[in-house]
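Chain residues, written in single-letter form:
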Amino acid sequence: MIRDIERFTKNIYDLLVVGGGINGAAIAHIAAQRGMKVALLEKGDFASGTSSKSTKLIHGGIRYLENFEVDLVYESLRERYIQLKVAPHLVKPLPFVIPVYRGDKRPLWMMQFGVFLYEMLAGPYRVSPRKNLSRDEVMRMEPGIEPEGLKGGVLYYDAQMDDARLCLENVLMADQYGAHVANYVKAVSFVKENGRVTGVRARDVLGNREFEIRAKRVICAAGPWTNELLRLDAPGAKKKVRTTKGIHIVYQGEISKHAILIGSQSDRRIFFVIPWMGNSLIGTTDTDYVAGPDEVKVEQEGINYLLRESRRVFPTLDFNPAKILATFAGLRPLIRKGGSPRKVSRKHLFYEAPSGVIFVVGGKYTTYRKVAADCVSKLRKVSGKEDFRLYGSGAIPESAEAVAGRTGLEPAVVRSLMDLYGTRYEDVLKLAEKDPSLKEKVSDVPPVIKAQLIYAVQTEMAKTLEDITGRRLSLVYQGIVSSKVLSAISSILAK
Ligand SMILES: Cc1cc2nc3c(=O)[nH]c(=O)nc-3n(C[C@H](O)[C@H](O)[C@H](O)COP(=O)(O)OP(=O)(O)OC[C@H]3O[C@@H](n4cnc5c(N)ncnc54)[C@H](O)[C@@H]3O)c2cc1C
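All values derive from a computational prediction rather than experimental measurement.

1. A few points about the site of the ligand
- The local shell around the ligand holds 37 residues, among which Asn 23, Glu 42, Ser 51, Leu 57 and Thr 366 are the closest.
- Taking Glu 42, its side chain carries an N or O atom lying 2.7 Å from an oxygen atom of the ligand.
- Contact distances for the ligand include 3.5 Å between a nitrogen atom and a side-chain N or O atom of His 59.
- Starting from 1,000 Å² of accessible surface for the ligand in isolation, the protein chains cover 96%.
- Going through the elements one at a time, helix 2 (22-33), strand 8 (185-193), strand 11 (241-251) and strand 16 (324-335) are the ones with two or more residues in the shell around the ligand.
- Three or more residues apiece are contributed to the shell around the ligand by two domains, here domain 1 (6-51 + 164-240 + 345-380) and domain 2 (92-159 + 242-335).

Take a look at the structure:
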């Protein structure tokens, strides 16, 4: 896809979306699908904000039942069902085990009842049936778990996703429906006539030049940057977003076969140890954060907390810091409200400033489609019932083995392409058919062929090394990125 900045200056858009995280991407996607002339700007790479720093769960959020947020859980469970259907390559069912110990802050009956309620709320949208587990069953399912004090447990199902790619596929859909989209373009000020917003002044971060974009409506889906943009629109405007930080650790090897929900004994928080890309994702934390969103980083204190609490449940593992493959931190852009961070609602709202700029506030990843559809309906005053699809949606008619047989690629490579791109794996294969040198593998784990690097740049709008190693291929989360991959990417980017 050619990055054409000039075209932004030649149009008056129906809608200009600032922020290419999941909410902005999906708003652009749905608005363009409903026939609006749309522009989408992202100051970094798509999903480089919170939308690549999540726990990667498309879930109802069982813990929100504790806060009596039944409507939010119900809505999320429905959205989970939709995402499992439309993006089976990116959203997959994931079994969870909750082990419960003597002295836990939430006793076994409470966990069993919670999961029962969760399944009732899911109704027809359930993934698979839950099961109450005896102590022995928990031990059989997860032999590495601490036996001392174990009372029993519960098995239930949610879903795991690739957050950065789900966001990207919404951007690609927006583009397909005719939206003009660009990463590395920052909105630096609002343009107004008689106090009403008529567009933004934008900076092309890569080309280092500024230009004006005109639009009838402007929406800011800026996640943790919302307060900054509110003040750009009206200096002195009240903050609407409360940012709380969450960190994750990627730990070498699969600690467990199932995702394990752990209730922390030190502060009543819930966190997860999740099998993820052959390793384990441990997280998250939830602490108030007041500095600028661009400065967020992982603190040692958070790492210590997660390792300490995980060691309690998996005592035979050393939780050696040398086995930490990666860490990352993100900010939840929550509706501004007092109280403990874990009790702040994950609901969303739309705030329309006196200038006419609309700000998306709050929400969770799981409900992005609903947030976006509601937002566009608010603009158009009609509710649309679109056929919601993603870029790689659809059934794959051939098996990986059959495709491997006809292309000469290894079945593991083809499986990996199908997992990453859904039906679009064929677009990557077409590149390799045109130039067979692109079938060369540049990485074994995970398998990556050269054609994917070209595809990332030509179709998926990757502009930097990190766009590819981080958000397109998730290599940075799987250990050291080999010099072979790095030099292959560098030479492609240089061309
Ligand atoms: C630790 C953690 C774990 C989470 N886990 C889950 C989970 O498992 N499941 C779930 O459902 N939810 C989860 N969430 C919540 C979910 O990730 C967020 O609600 C969601 O990603 C927010 O998306 P967004 O588009 O609003 O914000 P963002 O993804 O932050 O997007 C906002 C974008 O706006 C851009 N931007 C800002 N200013 C400008 C400007 N001036 N010009 C242009 N662009 C600009 C930023 O660069 C950014 O990319 C988690 C959140 C955190 C922090």
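2. Things to note about the state of the cysteines
- Counted by the stated rule, this structure contains zero disulfides.
- Take Cys 167: it sits in no disulfide, and the sulfur closest to it among the cysteines is that of Cys 375, at 15 Å.
- The exposure class of Cys 167 is buried, given its relative accessible area of 0%.

3. Section: the domain arrangement of the chain
- Annotation of the chain at the domain level lists domain 1 (6-51 + 164-240 + 345-380), domain 2 (92-159 + 242-335) and domain 3 (400-494).
- Distance from the C-alpha centre of domain 1 to the C-alpha centre of domain 2: 33 Å.
- Summing both partners gives a buried area of about 1,000 Å² for domain 1 against domain 2, and 58% of it is carried by carbon and sulfur.
- If you sort the residues of domain 1 by the area they bury against domain 2, Pro 224, Trp 225 and Arg 346 come out on top, with a joint share of 40%.
- Our count for the domain 1 to domain 2 interface comes out at one salt bridge.
- Between Asp 294 and Lys 43 there is a salt bridge, with its nearest N and O atoms 2.9 Å apart.
- The interface formed by domain 1 and domain 2 holds four residue pairs in polar contact (both at pLDDT 80 or more) in total.
- Looking at the side of domain 1 that touches domain 2, the elements with two or more residues in it are strand 17 (348-352) and strand 18 (358-362).
- Class assignment of the residues belonging to the side of domain 1 that touches domain 2 gives a composition of four nonpolar, five polar and five charged.

4. What to know about the packing of helix 14 (residues 465-472) against helix 15 (residues 483-494)
- Where helix 14 meets helix 15, the axes come as close as 9 Å, and the angle between the chain directions of the two elements is 125°. Considered as vectors, helix 14 and helix 15 are oriented oblique to each other. Note on element contacts: helix 15 touches helix 14 through Leu 486, Ile 489, Ser 490 and Leu 493, opposite Leu 465, Ile 468 and Thr 469.
- Classifying every residue of the contact of helix 14 with helix 15 gives five nonpolar, two polar and no charged.

5. What to know about the layout of surface pockets
- As a volume, the second largest pocket reaches approximately 690 Å³.
- Forming the boundary of the second largest pocket are 32 residues, of which Lys 92, Asp 162, Met 277, Asp 419 and Leu 420 lie nearest the centre.
- Secondary-structure elements contributing two or more residues to the lining of the second largest pocket are strand 4 (91-101), strand 6 (150-161), helix 6 (163-176), helix 11 (411-421) and helix 14.
- By residue number, the principal contributor to the lining of the second largest pocket is helix 11, which donates five residues.

6. Examining helix 7 (residues 226-233)
- Every buried residue belonging to helix 7 is among Thr 226, Asn 227, Leu 229, Leu 230 and Asp 233, and all of these are buried. Angular distribution of buried residues about the axis of helix 7 spans 165°; they occupy a single face of the element.
- Here the buried face of helix 7 lies against strand 1 (12-18), strand 8, strand 10 (209-220), strand 11, strand 17 and strand 18.

7. With respect to unusual backbone geometry
- Put simply, Gly 283 and Thr 284 share a cis peptide bond, and its omega is 20°.
- Mapped onto the fold, Thr 284 is located in the loop between strand 14 (279-283) and strand 15 (287-288).
- For the bond from Val 445 to Pro 446, the omega torsion is -5°, close enough to zero to count as cis.
- Along the chain, Pro 446 turns up in the loop between strand 19 (441-443) and strand 20 (448-449).

8. Some points on the side chain of Thr 469
- Along the chain, the position of Thr 469 falls in helix 14.
- Using a relative accessible area of 4% as the deciding quantity, one classes Thr 469 as buried.
- With near-sequence residues (within four places) excluded, Thr 469 lies in contact with Ser 474, Leu 475, Val 476, Val 481, Leu 486 and Ile 489.

9. Some remarks on the packing of aromatic side chains
- Counting across every chain of the model gives 15 aromatic pairs.
- When the centroid spacing of 5.4 Å and the interplanar angle of 65° are considered together, the rings of Phe 328 and Tyr 477 count as edge-to-face. Here Phe 328 is found in strand 16, whereas its partner Tyr 477 is found in the loop between helix 14 and helix 15, with 149 residues between them in sequence. Here the two residues Phe 328 and Tyr 477 agree in accessibility, since each one is buried.
- Above the ring of Tyr 477, the side-chain terminus of Lys 56 is found at 5.6 Å from the ring centroid.
- Sitting over the face of the ring of Tyr 391, Arg 424 holds its NZ or CZ atom 3.8 Å from the ring centroid.

Reading guide: rules and limits
Residues numbered from 1 in each chain as written. Predicted model: local features only at pLDDT ≥ 70, side-chain atom pairs only at ≥ 80, totals over all residues. Heavy atoms only, no water. Near = heavy atom within 4 Å. Polar contact = N/O pair within 3.5 Å; in protein donor to acceptor, adjacent residues only side chain to side chain. Areas by Shrake-Rupley, 256 points an atom, 1.4 Å probe, with all protein chains shown as cover. Helix = DSSP H or I, 4+ residues; strand = E, 2+ residues; numbered from the N terminus. Domains from an automatic or database assignment. Disulfide = S-S within 2.5 Å. Buried < 20%, exposed > 50% of the residue type's maximum accessible area, 1.4 Å probe, protein only. Buried area = accessible area lost by both parts, 1.4 Å probe. Salt bridge = Lys/Arg side-chain N within 4 Å of Asp/Glu carboxyl O. Nonpolar A, V, L, I, M, F, W, Y, C, P; charged D, E, K, R; others polar. Axes fitted to C-alpha atoms, helices over the stretch in contact; angles between N-to-C directions. Parallel < 35°, antiparallel > 145°, perpendicular 65-115°, else oblique. Contact = heavy atoms within 4.5 Å. 1 Å grid on protein atoms, 1.4 Å probe; cavity = no way out; pocket = protein on both sides within 12 Å on 5 of 7 lines; lining within 4 Å. Points joined across faces, edges and corners; volume = space filled by probe spheres on them. Arc of directions from axis to C-beta. Phe/Tyr/Trp six-rings, centres within 6.5 Å; stacked < 30°, edge-to-face > 60°. Lys NZ or Arg CZ within 6 Å of the ring centre and 35° of its normal.

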